[in-house]
Amino acid sequence: MPNLLPPRAAFYVLFTVSGFAGLIYESIWTHYLKLFLGHAAYAQSLVLVVFMGGMAAGSALCSRWSERLERPLLAYAAAEAVVGAIALGFHETYLFVTEWAFVALLPGLGGEAAVLAAKLSLACLLILPQSILLGATFPLMSAGLVRALPARAGESVAMLYFTNSLGAALGVLTSGFLLIAWVGLPGTLRTAGLINLGLAVTVTLLAHAARPTPVRASGTLRPGPAWLLLGVALFTGFASFVYEIVWIRMLSLVLGASTHAFELMLSTFILGLALGGFAVRRRADGAASPERLLGVVQIVMGLLALGTLALYDRTFGLMEAMMRGLARTDTGYLFFNLAGQGITALIMLPVTICAGMTLPLITACLLRRGAGEAAIGRIYAANTLGAIAGVLFAVHLGLPLLGLKGALVAGALVDAVLGIALLWRFGASRRVTALAAAACALLFIGLPSVARMDANKMTAGVFRHGELASSESAEILFNRDGKTATVHLARYGEALSLRTNGKSDGSIVAPDLARGTDEITMVLTAALPLALKPEAASAAVIGIGTGLTTHTLLQSLSIERVDTVEIEAEMVNAARGFLPRNAGAFADPRGRIVIDDAKTFFAAGNRRYDLIISEPSNPWVSGVAGLFTREFYQRVRPHLEPGGLLVQWFQLYEVDPSLLATVLQALGETFPHWVVYAPSDHDVLIVAGESPIPQSVNESVFALPGVAKELRTVHAPVPGDLDARYLGNRALLEPLLASWAMPVNSDFAPILDLNAARHRFLERSATAVVGLLNLPVPVLEMLEPGRAWRPVDPGYRGAYAFKRLENRRLAAYAAEYLRAEAPPPPVDIGATFQKDLELVKLRLLRCIDPRIEDVWLHALLRMARAVNSHLPADEARALWSRFTGSPCHAGLRDLHKDWIALHAAVGARDAGRMASIGSRLLQAPRDPSTEAYEYLLLAALSGQLALGRKSEALDLWNTHHAGLGASVNAPAWRLLRCHARAADCAASFVAWNTP
């Protein structure tokens, strides 16, 4: 039958599209399965194992059936069609299976081994059938083209390998950077499914009439060389995936461990394979001895892989230079990713180009020796089985036992030995083989001993801070490569810092120093829920960090059990380096540390807790954002006792308020009540529950010796120090969140995961949300009255970490200075503020020339801005009564009296007078200063809203917001605007080009 196939180029294009869809599947399945399995590293390794295992099975089946198929291209089209059809319904199947597993299957299994086995089995069932079919596509397409032109079989296989891998590299980037953001995980998967269905139809139309003759095995094939070549395919696959796992871990310390960084690395790895196939397309058929050429390629590949150890140290300097040179803009972020891929290419491409040559060369070798087209499937199957072994070895043995350097050397050694064996077996001279072996031995002995894996650079977080100098003098106390992360414990001067993949996950300073923000946050993360629910008897902590949160919980006498869930065992080992500061986490018998994923732990244990504290790593780290989604909160809520509390830590640095909004909306869909506290200016603690949460903490927790000691250590010895950190409840803050019009952060629309790394690079900040506590007008108190005003620690140590406390100190000083005949002892308040106080006292209290037109009115405004929000209403009322009762007050001009009256009304929280006087002064010829205008509008709007006059507040806003300029988008104005009219507040801020 004549060959009626169109030109091979048409099938190369189609196979590029097939590779595009295929790697979308791998990428999206990783996203789905890490939601089920709990951690990106485990999910990624499992997806690789199952994906490659299924492809190996599909290839092996094709090797048996290929010669019996009359039209392999139609079989290929059928495989693509079935894969596409399954993809269209995968999301619904996944939801059904995982819901059944979490609700019905896992809680009844008991043991950890049984739970893990069940999860792995279900994960395999979800993606294995499609993987088998995808594994069949390469042998089937190859068989179709090899039959069409047997004399150029090697070139056809090489070009198919090139085009499929090229499409795969594009698929990784397109899904990760574009499709998921546009249509979410389900939409991305369905897009790939439609592509597969389109391919099936197109290939069917193109190849329907073609019936080329199969290329069958000849009787001249000798089993010895054939088995050796299949062994090479297996072991080079093993080495290649050892490289991939090790390089991803190494480069995570340079590029950051974000999802997008993983996608850049994976796409570069696959691109190298593609380029290797392209480079060898002519040599596969034209080489005099493809076996010897393969041997040379294997040796070169092993030596190049070994050489990456020497090159790796320089990548930190490249990242440092790049970070210093890039603007923190969206364009800068684009170049950050491009440069990151360039750094990845320096490490990966030379080796992976060699790796991409191996399969086409092995295929050409066997086809020349008469193996027939069935050899294509066998080679592909052997290579993918080797890849599975490489993944398992690297994750579970190589990294934990040998470390990064040892695992990489092991992979390189495999390739070099394969190359020497090929040269020896297939006719290279003994001298050449001996020289190659000697050179390899010399390099494998010498290079690893001199190549640096500089732990100081690895702990620097250069991808984040853009400099290496700060880590040069660090003393590395702990350095281990775990299954999911590389963990360090480093001493920086007087501070110990825990580092995960180069990123700080907590630090503790020497006992005689003021506490850092990490330590304050970790203690308060435990102490705050204990103060809100002092009778709590059980708690679960997600993420051990330094162990200080668990330690603080166990200082409560009412606590009977604390389970700390940590995914990485080496984090626990590193945290021991903080002893004795965190001794309770390790020594108290009421505490238990469990190495597991949080979702699996809760589902399998089927336990309930009074407190669940979620304190994971930063959400830009791959896999972590899944602990801030609607689905996660829905999983956790059933594991709270009635009246139990969930405490969620969230950073305010390296994000903008819109990401805080999407997380709070996700949490709010599950929990009807939540409040927000600010342990520092850079973090928030969200406390959620089924019942209303009190505005003030219970003082009884300060009577517990252990807890009180921890609170004293972090400069929060009295209840007022927690009161001052109360930001607001859901009713107060939810209108503010609505102004960003963000969708809910979901497992399947992962807004936080997609944007957190970009916000990190852009150095975004949401600290202005905590800045609402420091407004010159007590806006939060006007909108949510009844807040506790107990005294704070008069020492104010650690106030640098929380501006609210510093402002309370300044306000107390100002009140005392203006009240006392003799000034109190000097306090470092700044020369300008001191002069403002002196001028106000001189003019308005001592009545020295009060009618002189000088700057005293501005000084009074600055004093009022510093005082009114940071004194209780009764103290502020008493302060301002000194001005209104001053002998010279009656002789002041009406404008001056109005300003003093407004300040007095703001201090007393008198909503009516704030609204009326503020509105009147806004209508009058106003002070030209911006701070005066903003103060007036804040006071007037707050007063109107506190009185429930939303329409009047909206009129004020519409009349005067234009005078705010760029600050119109600040959280304070968003909050007031949306309380006035929440229905369209988001649209109005979008219209004003909100950043």
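Note that this is a predicted model, so its numbers are computed, not measured.

Participant: Which parts of the structure should I look at to understand the state of the cysteines?
Facilitator: The term disulfide refers to a covalent linkage connecting the sulfur atoms of a pair of cysteines. Taken as a whole and judged by the stated rule, the model has one disulfide. In this model, cysteine 847 is linked to cysteine 888 through a disulfide, with the two sulfur atoms separated by 2.3 Å. Disulfide cysteine 847-cysteine 888: torsion about the S-S bond near -75 degrees, hence left-handed. Taken together, the positions of cysteine 847 in the loop between α30 (831-845) and α31 (856-867) and cysteine 888 in the loop between α32 (873-884) and α33 (894-908) put the pair 41 residues apart, joining distant regions of the chain. By relative accessible area, which is 25% here, cysteine 847 ends up partly exposed. On the accessibility criterion, cysteine 888 (10% relative accessible area) is buried.

Participant: Is there a simple way to think about the pattern of salt bridges in this case?
Facilitator: Oppositely charged side chains can pair when the atoms bearing their charge come close. Tallying each qualifying case throughout the model produces 35 salt bridges. Among the ionic pairs, arginine 328 bridges to glutamate 763, the shortest N-O distance being 3.5 Å. A residue pair is termed long-range when its members are at least 10 positions apart, and arginine 328 in the loop between α9 (290-325) and α10 (330-368) and glutamate 763 in the loop between α26 (751-762) and α27 (767-770) qualify at 435 residues. Between aspartate 747 and lysine 599 there is a salt bridge, with the nearest N and O atoms lying 3.8 Å from each other. Placement of the pair is aspartate 747 in the loop between α25 (730-738) and α26 and lysine 599 in helix α20 (residues 598-605), with a sequence separation of 148 residues. The buried category is assigned to aspartate 747, whose relative accessible area is 8%.

Participant: It is not clear to me how empty space enclosed by the protein should be interpreted in this structure. Could you clarify?
Facilitator: Remark: the empty space left among the atoms is shown by a probe the size of a water molecule rolled over them. All told, the structure shown has nine cavities of 30 Å³ or more when counted by the stated rule. Each pocket or cavity is described by its volume, and for the largest cavity that value is around 510 Å³. Taken together, the elements giving at least two residues each to the lining of the largest cavity come down to α1 (8-37), α2 (40-65), α4 (112-148), α5 (153-207), α6 (223-255), α7 (259-279), α10 and α11 (374-425). Tallied by class, the residues present in the lining of the largest cavity amount to 18 nonpolar, 11 polar and two charged.

Participant: Please clarify how unusual backbone geometry should be interpreted in this entry.
Facilitator: What you tend to see is this: most non-glycine residues have negative phi, and most peptide bonds are trans. Cis geometry marks the peptide bond from leucine 579 to proline 580, where omega comes out at 5 degrees. If you trace the backbone, proline 580 turns up in the loop between α18 (569-575) and α19 (583-587). Its identity as a non-glycine residue notwithstanding, asparagine 501 has a phi of 50 degrees, on the positive side. Structurally, asparagine 501 is set in the loop between β3 (495-500) and β4 (503-509). Classification of asparagine 501 as buried rests on a relative accessible area of 9%.

Participant: Would you mind going over the packing of α5 against α10 with me for this structure?
Facilitator: Angle between the axes and distance between the axes are the two parameters that describe a pair of packed helices. Two elements in contact, α5 and α10, have axes separated by 10 Å at closest approach and are oriented at 150 degrees. Between α5 and α10, the crossing angle belongs to the class labelled roughly antiparallel. By crossing handedness, the relation of α5 to α10 is classed as right-handed. Taking contact as the criterion, the partners of Ala153, Gly154, Val157, Ala158, Tyr161, Leu173 and Phe177 in α5 are, on α10, Asn337, Gln341, Gly356, Leu359, Pro360, Thr363, Ala364 and Leu367. Considering only residue class, the contact of α5 with α10 consists of 10 nonpolar, five polar and no charged.

Participant: What's the story with the side chain of serine 658 in this structure? I'm lost.
Facilitator: Along the chain, serine 658 turns up in helix α22 (residues 657-668). Residue classification places serine 658 among the buried positions, given a relative accessible area of 9%. A polar atom in the side chain of serine 658 sits 2.4 Å from the side chain of aspartate 656. Apart from residues lying up to four places away in sequence, serine 658 is in contact with Trp740, Met742 and His759.

Participant: Before we go on, may I ask you to explain the sheet that holds strand β8 (residues 609-614) in this structure?
Facilitator: By way of backbone hydrogen bonds, the strands of a sheet pair with one another, either parallel or antiparallel. Taken in spatial order, the eight strands of this open sheet run β7-β6-β5-β8-β9-β11-β10-β12, and their pairing is mixed. Bordering the open sheet on either side are β7 (591-595) and β12 (726-729), each of which pairs with just one other strand. Neighbour to neighbour, the strand axes of the sheet diverge by 15 degrees on average, direction disregarded. In this sheet, strand β11 (residues 683-689) lies alongside strand β9 (residues 640-651) in antiparallel orientation, the contact comprising seven bridges. Bridging from a neighbouring strand, tryptophan 649 pairs with leucine 685 of β11. In the packing of α22 onto the sheet, contacts are made with β9, β10 (673-680) and β11, and the angle to β9 comes to roughly 170 degrees. Along the sheet, α25 makes contact with β10 and β12, crossing β12 at roughly 85 degrees.

Participant: Would you explain α11 in this entry?
Facilitator: Three or four residues apart is the spacing at which side chains of an α-helix point the same way, because the helix has 3.6 residues per turn. With 52 residues, α11 should reach 76 Å at 1.5 Å per residue; the first-to-last C-alpha distance of 24 Å falls well below that figure. The largest bend along α11 measures about 120 degrees and falls at leucine 402.

Participant: Any chance you could explain the pairing of β11 here in plain terms?
Facilitator: In terms of burial, β11 is a largely internal element, seven of the seven residues being buried. Of the two faces of β11, the one holding Asp683, Leu685, Val687 and Gly689 and the one holding Val684, Ile686 and Ala688 are both buried throughout. As paired strands, β10 and β11 are joined by six bridges and run antiparallel to one another. The partner of valine 676 across the bridge, within β11, is isoleucine 686. Here β10 folds back onto β11 in antiparallel fashion, the turn holding two residues.

Participant: What am I meant to see in the packing of aromatic side chains here?
Facilitator: What characterises a pair of aromatic rings is the spacing of the ring centres plus the angle enclosed by the ring planes. Enumeration over the complete set of coordinates arrives at 31 aromatic pairs. For the pair phenylalanine 162 and phenylalanine 278, a centre-to-centre distance of 4.8 Å together with 45 degrees between the ring planes defines the contact as tilted. Pair noted here: phenylalanine 162 is in helix α5 and phenylalanine 278 is in helix α7, with a separation of 116 residues, a long-range link. Centroid distance tyrosine 677 to tyrosine 726: 5.3 Å. Interplanar angle 70 degrees. Geometry classified as edge-to-face. Here the residue tyrosine 677 occupies a position in strand β10, and tyrosine 726 occupies one in strand β12, the gap between them amounting to 49 residues. When sorted by exposure, tyrosine 677 lands in the same class as tyrosine 726, which is buried. Site record: aromatic cluster; members linked through ring pairs are Tyr25, Trp29, Tyr32, Phe90, Tyr94 and Phe748. Note that lysine 119 overlies the ring of phenylalanine 36, its terminal NZ or CZ placed 5.2 Å from the centroid. The lysine or arginine in question, arginine 760, covers the ring of tryptophan 620, its NZ or CZ lying 4.5 Å from the ring centre.

Participant: Would you mind going over the sheet that holds strand β1 (residues 475-481) with me for this structure?
Facilitator: Strand order in the open sheet made by the four strands is β1-β2-β3-β4, with antiparallel pairing throughout. Of all strands in the sheet, those bounded by a partner on one side alone are β1 and β4. Direction aside, neighbouring strands of the sheet carry axes that sit 15 degrees apart on average. Sheet topology places β3 next to β4; five bridges connect them, and they run antiparallel. Counterpart to threonine 500 in the pairing with β4 is lysine 503. The sheet strands contacting α11 are β1 and β2 (486-492), and the helix crosses β1 at an angle near 120 degrees.

Parameters and conventions
Residues numbered from 1 in each chain as written. Predicted model: local features only at pLDDT ≥ 70, side-chain atom pairs only at ≥ 80, totals over all residues. Heavy atoms only, no water. Disulfide = S-S within 2.5 Å. Helix = DSSP H or I, 4+ residues; strand = E, 2+ residues; numbered from the N terminus. Buried < 20%, exposed > 50% of the residue type's maximum accessible area, 1.4 Å probe, protein only. Salt bridge = Lys/Arg side-chain N within 4 Å of Asp/Glu carboxyl O. 1 Å grid on protein atoms, 1.4 Å probe; cavity = no way out; pocket = protein on both sides within 12 Å on 5 of 7 lines; lining within 4 Å. Points joined across faces, edges and corners; volume = space filled by probe spheres on them. Nonpolar A, V, L, I, M, F, W, Y, C, P; charged D, E, K, R; others polar. Axes fitted to C-alpha atoms, helices over the stretch in contact; angles between N-to-C directions. Parallel < 35°, antiparallel > 145°, perpendicular 65-115°, else oblique. Left-handed = near helix turned anticlockwise from the far one by under 90°. Contact = heavy atoms within 4.5 Å. Polar contact = N/O pair within 3.5 Å; in protein donor to acceptor, adjacent residues only side chain to side chain. Pairing = 2+ DSSP bridges. Expected span 1.5 Å × (residues − 1). Bend = angle between axes of the 7 residues up to and from the residue. Phe/Tyr/Trp six-rings, centres within 6.5 Å; stacked < 30°, edge-to-face > 60°. Lys NZ or Arg CZ within 6 Å of the ring centre and 35° of its normal.

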